[in-house]
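# Structural overview for review
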Amino acid sequence: MTINQDEIEKIAELARIRIDKDQIGELTQRITEILGMVDQLQAVDTSAVTPMANPLDATARLRADVITETNQRDAFQAIAPAVENGLYLVPKVID
Amino acid sequence: MHTKSVANLIQGLQQKEFSSEELTRCYLERIAAHNGLLNAYITVDEDGALAVARAADDVLAKGNAGPLTGIPIAHKDIFCTAGLRTSCGSRMLDNFVPPYDATMIKRFNSAGTVTLGKTNMDEFAMGSSNENSYYGPALNPWDTSLVPGGSSGGSAAAVAAGLAPAATGTDTGGSIRQPAAFCGLTGLKPTYGRVSRLGMVAFASSLDQAGPMAHSAEDCALLLNIMAGHDPLDSTSSEHATEDYCVQLGTSLQGLRIGLPREYFKDGLDAQTGTLIKAALAELEKLGATLVDISLPHSSLTIPAYYVIAPAEASTNLSRFDGVRYGHRCENPTDLHDLYTRTREEGFGDEVKRRILVGTYALSAGYYDAYYKKAQQVRRLIKQDFMDAFEQVDVIAGPTTPGPAFPLGSKSDDPIAMYLEDVYTLAVNLAGLPGMSVPAGFVDNKPIGLQLIGKHFDESRLLNVAHQYQQQTPWHQQYPGIMTGGPA
């Protein structure tokens, strides 16, 4: 599997990571190498194999739908880059 | 004091040979003297450590101390510590002071251990050399031109150099075992789900597991006794019963069947390392174990399967770092998109970016079946190999790494060469099994490790095999010059 620079730019956009123009060539090459190594998987017949998401085949436990946490907004917002009146601040989204 | 095992330090504290404060000061002085060179700690908590040590001394004086009360330890900088910066080796979390403790940290704090500080690591635990740390690499105390291994390289360097008697680490693909091997330590990755992941910064959630790193198997057992247990706040935490991991240490190895996977003794293994591993196996045979030839036929697929699954999970886990609620935020974002993309460009290092992009690709529309689903299917085949082998044997043994520690810079420009370092350790995480590395000798003064792999939840057996081996061999009690020559 090869991957071209346009595809890398598209993935970087999906992952919300800005990539500097002069780094995209090397990054494309590195990721092509990694995907080339990963392609060994395609040689294995897995048609009868159930995918394994958890090594113990465990499923996520559910708990009773009751409130167990107390409000810690002030503690959490104390470490935020920008807050005002108890709200997180981000650049304007809607004009 | 700093060359004593945790087991001996416990005795010393309980018999009042020294106080926890004296012990803590001893380690803080050693950190002050040597951390400038080794870069093993990212953050040292001198005031916090001394306060906890004094409180531990009060508890010890009253006679109601627990087994580890007053014992100083170091924590990998991946575990959230309330009020103490938790960077995860990343610029993204350089300013992050968690408002809460990881469950594992809570358990250590309740046990009365003294946190000396937070240890260096590859950024977000992605790496095998510690060179991916935003804070620069930790160095190997045996030879500072060598890497200490990774990602828990700072924990390994700290313990090997006597800057802590024991430390915690995490292991997603070998990140406890490989640095333990490179630094001459004993390290245990428990069964998936044995130690809570709550408050442990997530890399690959179906693989991540925390464990102890120390000089001896006995010390690892003492730490695991604190760490292991069910956590209702971690949805993948196991409800399997825990046990006292020290109880089986003295059990004889008579009749133990040890499987040797033939795939682990092939071309990629350094010849001198192979000779030492065979000598270690002969030692286990002398102790009454039987060596059995086994095969793990899908071994060659562990690296490709891992490098789909781990990046895929990483890409989702690391999507939370958006510059809004905590962590790094770029200067003067023009709009929300600019805030996200520039924050993540600046906050993440090269290897983390590569893995996020590979994972995003593997999960994207049109490629999910070919990559992620395929890797999960191969993962089941890899696990089944182990299940089949454990029908015939009690424990599996082989090398931890293909060779000893390598020079700084020698692989840092070649991701795939770096990935190959973990060829023997990745499968254990994919299968969710417990695995250990035990010091097994030296190649040109560089330590190497014997890997032991157990059945799910068979940590006691692994610790037993390692402890029995350590009763007959001197390797875990060999120390680098910085340990023996520094200020006492």
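Residues numbered from 1 in each chain as written. Chains lettered and ligands numbered in written order. Predicted model: local features only at pLDDT ≥ 70, side-chain atom pairs only at ≥ 80, totals over all residues.

Within chain A, the secondary structure is distributed over three helices and two strands. When the helices and strands of chain A are read in sequence order from the N terminus, they spell out α-α-α-β-β. Relative to the 2.2 N^0.38 estimate, which gives 12 Å for 95 residues, the radius of gyration of chain A is 22 Å and therefore markedly larger than a compact globule would have. Expressed along its principal axes, the backbone C-alpha trace of chain A runs to roughly 55 × 45 × 25 Å. Expressed as a percentage of its 95 residues, the buried residues of chain A come to 15%. (Helix = DSSP H or I, 4+ residues; strand = E, 2+ residues; numbered from the N terminus. Rg over C-alpha atoms; globule rule 2.2 N^0.38 Å. Buried ≥ 20, exposed ≤ 12 C-beta atoms within 10 Å, placed from the backbone.)

This part is about the overall build of chain B. Secondary structure summary: chain B contains 16 helices and 11 strands in total. The 488 residues of chain B split such that 62% are buried. Partitioning the intrachain contacts of chain B with sequence separation of at least 6 by distance along the chain shows that 77% fall at a separation of at least 24. (Contact = placed C-beta atoms within 7 Å.)

Attention now moves to the interface of chain B and chain A. With 57 residues of chain B in contact, the opposing surface of chain A contributes 40 residues. Counting residues per element, the ones that place at least two in the side of chain B that touches chain A are α9 (302-317), α10 (336-347), α11 (350-363), α12 (369-389), α13 (415-420) and α14 (426-431) of chain B. Here the side of chain B that touches chain A takes 11 residues from α12(B), the largest share from any one element. Of the residues belonging to the side of chain B that touches chain A, the class tally is 30 nonpolar, 14 polar and 13 charged. (Nonpolar A, V, L, I, M, F, W, Y, C, P; charged D, E, K, R; others polar.)

Attention now moves to the confidence of the model for chain B. Caution is warranted with low-pLDDT regions, since their predicted coordinates should not be read in detail. A residue-level look at chain B finds 99% of positions with pLDDT of 70 or above and a mean pLDDT of 97. The ipTM, which scores confidence in the relative placement of chains, is 0.96 for this predicted complex, and the corresponding pTM is 0.97. (pLDDT = per-residue confidence, 0-100.)

All names here are of chain B. Positionally, Ile482 belongs in helix α16 (residues 481-485). Classification of Ile482 as buried rests on a count of 21 C-beta atoms within 10 Å. Residues Ile482 and His34 lie 448 residues apart in sequence; the distance between their C-alpha atoms is 8.1 Å. The residues touching Ile482, leaving out its near neighbours within four places in the chain, are His34, Pro141 and Ala161.

The next subject is the packing of helix α1 (residues 5-14) of chain A against α11(B). Viewed as axis vectors pointing N to C, α1(A) and α11(B) meet at an angle of 95°, and their least axial separation amounts to 9 Å. Relative to α11(B), the element α1(A) lies roughly perpendicular. Within the contact between the two elements, α1(A) uses A:Ile8, A:Ile11, A:Ala12 and A:Leu14 and α11(B) uses B:Leu357, B:Thr360 and B:Tyr361. Looking at the contact of α1(A) with α11(B), its residues break down into six nonpolar, one polar and no charged. (Axes fitted to C-alpha atoms, helices over the stretch in contact; angles between N-to-C directions. Parallel < 35°, antiparallel > 145°, perpendicular 65-115°, else oblique.)

A separate point is the pairing of strand β5 (residues 186-189) of chain B. All names here are of chain B. Burial of β5 is two-sided: the residues Thr186 and Leu188 facing one way and the residues Gly187 and Lys189 facing the other way are all buried. As defined by bridge partners, β5 adjoins strand β6 (residues 210-214) across two bridges and the pair is classed as antiparallel. When the bridges of β6 are listed, Gly187 appears paired with Met213. Here three bridges tie β5 to strand β10 (residues 435-443), and the two strands are oriented antiparallel to one another. Bridging from a neighbouring strand, Lys189 pairs with Gly435 of β10. (Pairing = 2+ DSSP bridges.)

Let us look at α10(B). In this model, α10(B) (12 residues) spans 16 Å end to end at C-alpha, consistent with the 16 Å of a helix rising 1.5 Å per residue. Taken together, the buried positions of α10(B) are B:Leu339, B:Tyr340, B:Thr341, B:Arg342, B:Thr343, B:Arg344 and B:Gly347. (Expected span 1.5 Å × (residues − 1).)

Following B:Gly150, the chain continues into B:Ser151 via a peptide bond in cis, with omega recorded as 10°. Despite not being glycine, A:Asp57 has its phi angle at roughly 50°, a positive value. Positionally, A:Asp57 belongs in the loop between α2 (24-38) and α3 (73-77). On the basis of neighbour count, A:Asp57 is assigned to the exposed category, with 11 C-beta atoms found within 10 Å. Despite not being glycine, B:Asn445 has its phi angle at roughly 65°, a positive value. Note on placement: B:Asn445 falls in the loop between β10 and β11 (446-454). Owing to 10 C-beta atoms within 10 Å, B:Asn445 belongs among the exposed residues under this scheme.

Here we come to the environment of B:Gly154. All names here are of chain B. Its place among the elements puts Gly154 in helix α5 (residues 153-160). Judged by the 37 C-beta atoms lying within 10 Å of it, Gly154 falls in the buried class. With sequence-adjacent residues up to four places away left out, Gly154 is seen in contact with Ala40, Tyr41, Ile42, Thr119, Asn120, Met121, Asn130 and Ala138.

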